[in-house]
Amino acid sequence: MTTEMAEPASRIDLAPGIGGGGEIPSFDITLRVRRYNPEVSAEPAWDEFSLTMYGTDRVLDALHKVKWEQDGTLSFRRSCAHGVCGSDAMRINGRNRLACKTLLKDLDTSKPIIVEPIKGLPVEKDLIVDMEPFFQSYREIMPFLISKGHEPTKERLQSAEERERFDDTTKCILCAACTSSCPVFWTDGQYFGPAAIVNAHRFIFDSRDDAGDMRLEILNDKEGVWRCRTVFNCTDACPRGIQVTKAISEVKQAILNRKI
Amino acid sequence: MSATIETPRSGRIAPQYRRSKGNGGSFEMIAWLFMRLSGIVLVVLIFGHLFVNLMVGQGIHAIDFGFVAGKWASPFWQVWDLAMLWLAMLHGSNGVRTIINDYAERNATRMWLKGILYAAAAVIVILGTLVIFTFNPCPVVNGVPLPGGFCPAP
Ligand code: SF4
Ligand code: FES
């Protein structure tokens, strides 16, 4: 006979004085945002905003504060605000990061914090870029399971080791921080880019997938993996900590092994 | 001023991002592989070359016309220098080719720079090869040896 445990109360009342981290420190920052509105001017311009922010705030909170309290025309993408959806990659103090994962207190608040759209993709307005070329490359590597033969009647089994082989590259949230940090991509936007290769890697090394050869052939293109110069900008930029350059090298290796 | 803003996700791609189809073939893969392999071989060839020329025997003080002539009298050094010439030129030119591809933004600029590069590389490789194989330290023109004093009197 089992005795059912009473569910713990979801609300816990703390005695006064217990818990909490005390006063959250606040500080003043200056946000320097690169603005662009093709309906007003073809030239981008810089705007500065002074804000009082708290130690728990992120760059995204500062952008929200500007948009909600100072200048409603400021445009940027964000959705989850918790580093999951990959909407708000931007160039903050010269580095590609997610605004929702960058705490203000980790930046140098004595100087203006510079926020720009990610580089290499056409800017549509303020911090919003046209992601279509990025997603086109993503689509080209066929980011879906392709299997030969009949549909199995039960789930497709895989050992823990087989799963581990491509675990790193399953973490991608398609934020484009890597591709838009790559100097080869900046030149002419022809390169497939790290994100497409990372997502190809995720299927190429998946034991359940049978179209690895097709993907390797696609990435053996003139604008494919061989344009990678191992600059490591992508690895530095990735907010999920994916070893992007390593994944690209593994794809290079796989193409070589297949051809030779 | 007003700009037309297209519907998001209409599937259009700004023309400069459109990738031309049919870039297949494994040229880039072979070029990539060649860079690594020739690099390894060149390390051996170049350091061997420097060691023999600058350190063995009297070292750098022994280098003169006669020294070079002596080296090229042996097929071993002919092949060594030929390999060094070809590998270094192809390795270097391919490196500059990738730099041009990475940094030149306009197709016309790219084409011109690469044209000049290929022409320069071809001239150097052909001239160098010619010199290695046709080198004659004691040329005799119309029965008269050219002056220089390196060669034994006939
Ligand atoms: S690999 Fe990392 S940086 Fe690149 S798109 Fe995926 S999550 Fe973003
Ligand atoms: S808003 Fe979703 S990742 Fe930052």
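Residues numbered from 1 in each chain as written. Chains lettered and ligands numbered in written order. Predicted model: local features only at pLDDT ≥ 70, side-chain atom pairs only at ≥ 80, totals over all residues. Heavy atoms only, no water.

## Description of the interface of chain B and chain A
(1) Moving on: Each partner contributes residues to the interface: chain B has 28 residues there, and chain A has 32 residues.
(2) Moving on: Buried area between chain B and chain A, both sides added, is near 2,600 Å², and the carbon and sulfur share of it is 51%.
(3) Moving on: In this assembly, chain B and chain A are joined by 4 salt bridges.
(4) Moving on: Taking the shortest distance from any N to any O, the salt bridge between Asp102(B) and Arg229(A) comes out at 2.6 Å.
(5) Moving on: Across the chain B-chain A interface, the total number found is 13 residue pairs in polar contact (both at pLDDT 80 or more).
(6) Moving on: Within the residue set of the side of chain B that touches chain A, elements represented by two or more residues are α1 (27-54) and α3 (75-103) of chain B. (Contact = heavy atoms within 4.5 Å. Buried area = accessible area lost by both parts, 1.4 Å probe. Salt bridge = Lys/Arg side-chain N within 4 Å of Asp/Glu carboxyl O. Polar contact = N/O pair within 3.5 Å; in protein donor to acceptor, adjacent residues only side chain to side chain. Helix = DSSP H or I, 4+ residues; strand = E, 2+ residues; numbered from the N terminus.)

## Here we look at the pattern of salt bridges
Side-chain pairs of opposite charge can arise whenever the charged atoms involved come near each other.
(1) Moving on: Here the structure, examined in full by the defined rule, presents 28 salt bridges over all chains.
(2) Moving on: With a closest N to O distance of 3.0 Å, Asp71(A) and Arg35(A) form a salt bridge. On the criterion of sequence distance, the pair formed by Asp71(A) in the loop between α1 (59-70) and β3 (89-92) and Arg35(A) in strand β1 (residues 26-35) is long-range, its members being 36 residues apart. There is no split in this pair, since Asp71(A) and Arg35(A) are both buried.
(3) Moving on: In this structure, the salt-bridge partner of Arg202(A) is Asp206(A), at a minimum N-O distance of 3.0 Å.
(4) Moving on: Within this structure, Asp188(A), Lys222(A), Glu223(A), Arg227(A), Arg229(A), Asp102(B) and Arg110(B) form a network of salt bridges that share partners. (Buried < 20%, exposed > 50% of the residue type's maximum accessible area, 1.4 Å probe, protein only.)

## What about the packing of α1(B) against α3(B)?
Residue and element names in this part refer to chain B.
(1) Moving on: Contact geometry of α1 with α3 gives a least axis separation of 8 Å together with a crossing angle of 135°. Taken together, the axes of α1 and α3 are oblique relative to one another. Like other packed secondary-structure pairs, α1 and α3 cross with a definite hand, here left-handed. (Axes fitted to C-alpha atoms, helices over the stretch in contact; angles between N-to-C directions. Parallel < 35°, antiparallel > 145°, perpendicular 65-115°, else oblique. Left-handed = near helix turned anticlockwise from the far one by under 90°.)

## A look at the packing of aromatic side chains
(1) Moving on: By the definition in use, this model includes 9 aromatic pairs over all chains.
(2) Moving on: An angle of 55° between the planes, with centres 5.9 Å apart, marks the rings of Phe65(B) and Phe135(B) as tilted. Placement of Phe65(B) in helix α2 (residues 65-72) and of Phe135(B) in the loop between α4 (107-134) and β1 (140-141) is noted, with a sequence separation of 70 residues between them.
(3) Moving on: Taken together, the aromatic side chains of Phe134(A), Phe135(A) and Tyr138(A) make up a single cluster linked through ring pairs.
(4) Moving on: Residue placement shows Arg19(B) over the ring face of Phe192(A); its charged tip is 3.7 Å from the ring centre. (Phe/Tyr/Trp six-rings, centres within 6.5 Å; stacked < 30°, edge-to-face > 60°. Lys NZ or Arg CZ within 6 Å of the ring centre and 35° of its normal.)

## Some thoughts on the sheet that holds β1(A)
Residues and elements named next belong to chain A.
(1) Moving on: Taken in spatial order, the 5 strands make up an open sheet running β2-β1-β5-β3-β4, and their pairing is mixed. Only two strands of the sheet have a single neighbouring strand rather than two, namely β2 (45-54) and β4 (95-98). In this sheet, adjacent strand axes meet at a mean angle of 35° when their direction is disregarded.
(2) Moving on: In the sheet, β1 pairs with strand β5 (residues 113-116) via 3 bridges, with the strands oriented parallel. Bridging across to β5, Arg32 finds its partner in Ile114.
(3) Moving on: Against the sheet, α1 contacts β1, β2, β3 and β5, and its axis sits at roughly 105° relative to β2. (Pairing = 2+ DSSP bridges.)

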